[in-house]
Amino acid sequence: MFHVGTAGWFLTLACLGGVVVLLLRAALHDIATRQVSDQLVLGVAGLDFLLACLNGHPWRGLLSGLCLFALGVACWSRGWMGGGDAKLLGAVGLALRPDQMPVLVMDIALAGGVLALAYLLGRASLPSHYGGTAPRNGIGRVLRIERWRLRRGCSLPYVCAITGGSLIVLL
């Protein structure tokens, strides 16, 4: 799989580690704000393209990234996902060969189904209050905001599904 020797192997592991960290950070940021940072997307894109170069398929990675971005834009235009989700999908595609795209899309769809099920179950089971006072820590605030979003039927943090499906394919 790796064509550049031992140094390339370590660089590949470092890039994969960086992609994992950035994807997890993007997922947490999406949960908290329902936004995807352009800086995180650019970081993922850069590391994924470097992975494609290290694995000897930069042009195929560019083709995959472009195709997945086009798919994301089509989903965005129909209101199925946000614009940041579409950009992140294209960025993740840069590390892949075209034959890996169907697997990625399937894994993201399955992760999205699990996410939707978790939110449907959570909608019924979240407590309605936190002992009369607003939570002061970050996790408590996020839970309070998620409860508010769930009760109003707001959008899901789909970067979590993109992250889950991507990690399955990349790792």
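Residues numbered from 1 in each chain as written. Predicted model: local features only at pLDDT ≥ 70, side-chain atom pairs only at ≥ 80, totals over all residues. Heavy atoms only, no water.

Turning next to the overall build of the protein. Looking only at helices and strands, one finds 7 helices and 0 strands in the protein. For the protein, the succession of helices and strands along the chain, N to C, is α-α-α-α-α-α-α. The buried share of the protein, reckoned over its 171 residues, is 40%. Sequence separation of at least 24 residues holds for 78% of the intrachain contacts in the protein that already meet a minimum separation of 6. Put simply, the protein shows about 9,500 Å² of open surface, and 69% of that area lies on carbon and sulfur atoms. (Helix = DSSP H or I, 4+ residues; strand = E, 2+ residues; numbered from the N terminus. Buried < 20%, exposed > 50% of the residue type's maximum accessible area, 1.4 Å probe, protein only. Contact = heavy atoms within 4.5 Å. Areas by Shrake-Rupley, 256 points an atom, 1.4 Å probe, with all protein chains shown as cover.)

To continue, consider the nonpolar core. Generally speaking, soluble globular proteins have nonpolar side chains that are buried together. Leu23, Val44, Leu88, Val92 and Leu104 are the most contacted members of the largest nonpolar core, which has 30 residues in total. At the level of secondary structure, the elements contributing two or more residues to this core comprise helix 1 (5-33), helix 2 (38-54), helix 4 (83-93), helix 5 (101-125) and helix 7 (159-170). It is helix 1 that provides the largest number of residues to this core, a total of 7 residues. Beyond its immediate stretch of four places on either side in the chain, leucine 23 contacts Val44, Leu88, Val92, Thr163, Ser166 and Leu167. (Core = buried A, V, L, I, M, F, W, Y, C linked by side-chain atoms within 4.5 Å.)

So, on to helix 4. Among the 11 residues of helix 4, 9 are classified as buried, and the element is accordingly described as predominantly covered. Of the residues making up helix 4, those classed as buried are Gly84, Asp85, Ala86, Leu88, Leu89, Gly90, Ala91, Val92 and Gly93.

Let us now look at the environment of valine 114. Mapped onto the elements of the fold, valine 114 is located in helix 5. Spatially, the C-alpha atoms of valine 114 and alanine 161 are 8.3 Å apart, while their sequence positions differ by 47 residues.

It is at 7 Å that the axes of helix 2 and helix 3 (residues 58-77) come closest, and there the two elements cross at 140 degrees. Across from Phe49, Ala52 and Cys53 in helix 2, the residues of helix 3 making contact are Pro58, Gly61 and Leu62. Per-class residue counts for the contact of helix 2 with helix 3 are 5 nonpolar, 1 polar and no charged. (Axes fitted to C-alpha atoms, helices over the stretch in contact; angles between N-to-C directions. Nonpolar A, V, L, I, M, F, W, Y, C, P; charged D, E, K, R; others polar.)

Look at helix 7: 16 Å from first C-alpha to last across 12 residues, which is about the 16 Å you get at 1.5 Å a residue. Along helix 7, the positions that sit buried rather than exposed are Val159, Ala161, Ile162, Thr163, Gly165, Ser166, Leu167, Val169 and Leu170. (Expected span 1.5 Å × (residues − 1).)

Taken as a whole and judged by the stated rule, the model has 2 salt bridges. The residue aspartate 38 makes a salt bridge to lysine 87 at a minimum N-O spacing of 2.5 Å. Linking aspartate 38 in helix 2 with lysine 87 in helix 4, this pair joins segments that are 49 residues apart in sequence. With its nearest N and O atoms 3.1 Å apart, the salt bridge here joins arginine 97 to aspartate 99. For arginine 97, a relative accessible area of 28% puts it in the partly exposed group. For aspartate 99, a relative accessible area of 51% corresponds to the exposed category. (Salt bridge = Lys/Arg side-chain N within 4 Å of Asp/Glu carboxyl O.)

Attention now moves to the packing of helix 4 against helix 7. At a minimum axis separation of 10 Å, helix 4 and helix 7 run at an interaxial angle of 10 degrees. The orientation of helix 4 relative to helix 7 falls into the category roughly parallel. Only Val159, Ile162 and Ser166 of helix 7 make contact with helix 4, whose side of the interface consists of Asp85, Leu88 and Val92. Its residues placed into classes, the contact of helix 4 with helix 7 shows 4 nonpolar, 1 polar and 1 charged. (Parallel < 35°, antiparallel > 145°, perpendicular 65-115°, else oblique.)

Following the sequence through the fold, serine 166 ends up in helix 7. Ignoring any residue separated from it by four or fewer positions in sequence, one finds serine 166 in contact with Leu23, Val92, Leu104 and Ile108.

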